[in-house]
Amino acid sequence: MITVEEHLARILDQVEPGEEVALPLDEAGGLVLAQDVTCGVDLPRFDNSAMDGYAVVAAELEGVDPEHPKLLPVQGDIAAGAGEPHTHTPGSVWRIMTGAPVPEGADSIVPLEDTDERPHEVLIKVAPREGAHVRRAGEDARVGDLLVRAGTTIGPAEVAVIASAGISTVRVLAPVRVVVLSTGDELVPLGSTPGPGQIQDSNGPMLVSAVRRAGYYASHLGHLVDDEKSIKAEITHHLDHADVIITTGGVSKGAYDAVKAVLTGEGSMEFSEVAMQPGKPQGFGLLGKRKVPVFTLPGNPVSALISFEVFIRPALAKISGRLDQPVVLPALVVEGWRTPEGRRQYARVRLSRDLTGEYACEPAGGPGSHLVAGLAAADGLAIIDADAEEVQAGEEVQVHLLRPLPEIEARLAAQEESDAEDEDQG
């Protein structure tokens, strides 16, 4: 057997970042910039008002206060988006809206609340400092300034900055397209009624969901029967367009493990026994002219999901250029369990809090890799060293999260609130 680290290193040594493509900004969310984005214009583009109020010259209002207000004529209104030029006339003001261009010659804005707010003649009650509430052209960014570095994942904030600079197209690492194939004569797709000896295909929908939750494109293209010719034809077909292919089932030592039989010796495919539980039988290699990464996972649902977290998610991050570090946090064991010596265990656990407010955890579902009922209850995977024989109550373990931490925190907070209400009623 090889270690988890050895198998993961072999995968990451072979996968490479995807190709660069130019995409419209509104299609680039979640992708990684392949080039620096620099500013082509000053931001803001022009001096504009930060408040609804009146554009003035501060020196003309020196000495004004609530006991000594000053009445001035209003030259007119300047709305946001106004294109025509406006010029300040000494001894007067312009009524101005937030975001509107400051008239030439004016240097400050008096907010509405410091006036009587009248439209034609306004009583100003507070003298502004020079420059008050004026957003100066270029104070945010100048032409040539770096806005977003290459290697940054484009999120809402990056979209706002890039769009503000008037950039409509960006160069990014291409979206990663993942094809998921389930194998096994025993499987039937969702919506079909299993016959004798058959089960619903849960691996396909599960892995598509895992890929999408990680931020990539995924398609579940049905399940394959245990026929070597059919399996080879289907995989070969997807090598023309997929960026990653994931199969489940057919990789162990059984007489009907057709995936392993078909792919052995193809490309750089290798099938290994990895010192982990669950998920020992693993296969990986690059196939076809495009050298498409192909992952062959065990057929048991828990094994498949854990394999995705441990091996496929890091590979997808490298292909897409993302920095994708799993969230791992310590938790105290509430209820112990046995662990197989010689294999690293990834035990499904549910998080709670102990009396000190620290994280605690207990098993979620049984230890078998075929037992799926506990998956929905699991918050994460407790990572147990291969040399351990038992996990004892009170021991601290590291938990690799399967769901976002804010979601877990929200559930724990709701539970604490519910427990407090029960105590009050009791």
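The rules behind each value
Residues numbered from 1 in each chain as written. Predicted model: local features only at pLDDT ≥ 70, side-chain atom pairs only at ≥ 80, totals over all residues. Heavy atoms only, no water. Helix = DSSP H or I, 4+ residues; strand = E, 2+ residues; numbered from the N terminus. Rg over C-alpha atoms; globule rule 2.2 N^0.38 Å. Buried < 20%, exposed > 50% of the residue type's maximum accessible area, 1.4 Å probe, protein only. Contact = heavy atoms within 4.5 Å. Areas by Shrake-Rupley, 256 points an atom, 1.4 Å probe, with all protein chains shown as cover. Lys, Arg positive; Asp, Glu negative; His and termini not counted. Charge placed at Lys NZ, Arg CZ, Asp CG, Glu CD. Pairing = 2+ DSSP bridges. Axes fitted to C-alpha atoms, helices over the stretch in contact; angles between N-to-C directions. Phe/Tyr/Trp six-rings, centres within 6.5 Å; stacked < 30°, edge-to-face > 60°. Lys NZ or Arg CZ within 6 Å of the ring centre and 35° of its normal. Salt bridge = Lys/Arg side-chain N within 4 Å of Asp/Glu carboxyl O. Domains from an automatic or database assignment. Arc of directions from axis to C-beta.

Quick look at the overall build of the protein
Next, step 1: Of the regular secondary structure elements, the protein holds seven helices and 27 strands.
Next, step 2: Expected size for 426 residues packed as a compact globule is a radius of gyration near 22 Å; at 31 Å, the protein overshoots this value by more than 25%.
Next, step 3: Expressed as lengths along the three principal axes of its C-alpha atoms, the size of the protein is roughly 95 × 65 × 40 Å.
Next, step 4: Relative to its full complement of 426 residues, the protein shows a buried share of 43%.
Next, step 5: Taking the intrachain contacts of the protein between residues at least 6 apart in sequence as the baseline, contacts between residues at least 24 apart amount to 71%.
Next, step 6: Accessible surface for the protein amounts to roughly 21100 Å². Of this, 52% is attributable to carbon and sulfur atoms.
Next, step 7: Considering the protein, the positive charge centre built from 34 side chains and the negative charge centre built from 66 side chains are found 7 Å apart.

Some remarks on the sheet that holds strand β20 (residues 292–297)
Pairing between sheet strands relies on hydrogen bonds along the backbone, with the strands arranged either parallel or antiparallel.
Next, step 1: An order of β15-β12-β16-β20-β19-β17 is seen for the six strands of this open sheet, with the pairing classed as mixed. Each edge of the open sheet carries a strand with a single partner, namely β15 (217–224) and β17 (270–273). Within the sheet, the average angular offset between the axes of one strand and its neighbour, ignoring direction, is 20°.
Next, step 2: Pairing geometry for β17 and strand β19 (residues 281–287), over four bridges, is antiparallel. Bridge pairing links serine 272 to glutamine 282 in β19.
Next, step 3: Contacts from helix α1 (residues 4–14) reach β17, β19 and β20, with the element oriented near 15° to β19.

Brief notes about the packing of aromatic side chains
Next, step 1: Following the criterion strictly, the structure yields one aromatic pair and no others.
Next, step 2: Residues phenylalanine 284 and phenylalanine 295 carry aromatic rings whose centres are separated by 4.8 Å and whose planes lie at 50° to one another, so their mutual orientation is tilted. One end of the pair, phenylalanine 284, is in strand β19; the other, phenylalanine 295, is in strand β20, with 11 residues separating them in the sequence.
Next, step 3: Residue phenylalanine 284 is classed as buried on the basis of its relative accessible area, which comes to 0%.
Next, step 4: Between arginine 322 and the ring centre of tyrosine 216, over which it is positioned, the NZ or CZ distance is 4.4 Å.

Brief notes about the pattern of salt bridges
Next, step 1: Here the structure, examined in full by the defined rule, presents 18 salt bridges.
Next, step 2: In this structure, arginine 411 and aspartate 379 form a salt bridge, with 2.9 Å as the shortest nitrogen-oxygen distance. Placement of arginine 411 in helix α7 (residues 405–425) and of aspartate 379 in the loop between β24 (359–363) and β25 (380–384) is noted, with a sequence separation of 32 residues between them.

Side note on the sheet that holds strand β7 (residues 108–111)
Next, step 1: In space, the five strands of this open sheet follow the order β7-β4-β6-β5-β8, with mixed pairing throughout. Either end of the sheet is taken by a strand with one partner, and the two such strands are β7 and β8 (121–124). Recorded for the sheet is a direction-independent mean angle of 45° between the axes of neighbouring strands.
Next, step 2: Direction of pairing for strand β4 (residues 53–56) relative to strand β6 (residues 93–96): antiparallel, over a ladder of three bridges. Bridging across to β6, alanine 55 finds its partner in tryptophan 94.

Looking at the domain arrangement of the protein
Next, step 1: Under the domain assignment used here, the protein contains domain 1 (4–17 + 176–320), domain 2 (29–42 + 142–173), domain 3 (48–135) and domain 4 (328–424).
Next, step 2: When each unit is reduced to the centre of its C-alpha atoms, the spacing between domain 2 and domain 3 is 35 Å.

Re helix α4 (residues 228–238)
Next, step 1: For α4, the complete set of buried residues consists of Ile231, Ile235 and His238. Along α4, the residues classed as buried sweep out an arc of 65° about the axis, all on the same side.
Next, step 2: Residues of α4 that are buried in the fold lie against β12 (177–183), β15, β16 (244–248), α5 (258–263) and β19.

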